[in-house]
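Structural description and commentary
Single-letter residue listing:
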Amino acid sequence: MALGQRLPTISSNRIVPEAGGLMSYGANVSDVFRRSAEMIDKILRGTKPADIPVEQPTRFELIINLKTAKALGLTVSPTLFALADEVIE
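Moving on, we get to the side chain of Asp31. Tracing the backbone through its elements, the reader meets Asp31 in helix 2 (residues 29–44). At 3.0 Å, the side chain of Asp31 and the side chain of Arg34 are in polar contact. At 3.3 Å, the side chain of Asp31 forms a polar contact with the side chain of Arg59.

Next comes the structure, spelled out in structure tokens:
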């Protein structure tokens, strides 16, 4: 819908550029799920949730949909292109 209106869409979830959005920048979902599973394991082994420190993501990923950028008439800067973890063509 956004592409039909020629609006670039940016999200924190990689699903957006995979579905045709322009780009995403956010925490690596695999890391978040893995760390969540480790915390659940600690809780199931008896650790009180209050004793588990709050964690912030440490790995982030930038994904750019080059096909969408071209459809919108946008040029991705070489610097941004070089920083991308994944480019969808």
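Across all of its chains, the model carries one aromatic pair by this definition. Measuring from centroid to centroid gives 5.9 Å for Tyr25 and Phe60, while their planes differ by 15°, and the two rings are stacked. With Tyr25 in strand 2 (residues 23–27) and Phe60 in strand 3 (residues 60–65), this residue pair connects regions lying 35 residues apart in the sequence. Classification of Tyr25 as exposed rests on a relative accessible area of 51%. On the basis of relative accessibility, which here comes to 41%, the residue Phe60 falls in the partly exposed class.

On to the nonpolar core, then. Of all hydrophobic cores here, the largest spans eight residues; its members are Leu22, Met23, Leu62, Ile64, Leu66, Ala69, Val76 and Ala84. Of all elements in the fold, only strand 3 and helix 3 (66–72) reach the threshold of two or more residues within this core. Not counting residues up to four positions away in its chain, the partners in contact with Leu22 are Pro8, Thr9, Pro17, Ile63, Ile64, Asn65, Thr68, Ala69 and Leu74.

What counts, and where the lines are drawn
Residues numbered from 1 in each chain as written. Predicted model: local features only at pLDDT ≥ 70, side-chain atom pairs only at ≥ 80, totals over all residues. Heavy atoms only, no water. Helix = DSSP H or I, 4+ residues; strand = E, 2+ residues; numbered from the N terminus. Polar contact = N/O pair within 3.5 Å; in protein donor to acceptor, adjacent residues only side chain to side chain. Phe/Tyr/Trp six-rings, centres within 6.5 Å; stacked < 30°, edge-to-face > 60°. Buried < 20%, exposed > 50% of the residue type's maximum accessible area, 1.4 Å probe, protein only. Core = buried A, V, L, I, M, F, W, Y, C linked by side-chain atoms within 4.5 Å. Contact = heavy atoms within 4.5 Å.

Read these as layout, nothing more, since geometry by itself doesn't imply function.
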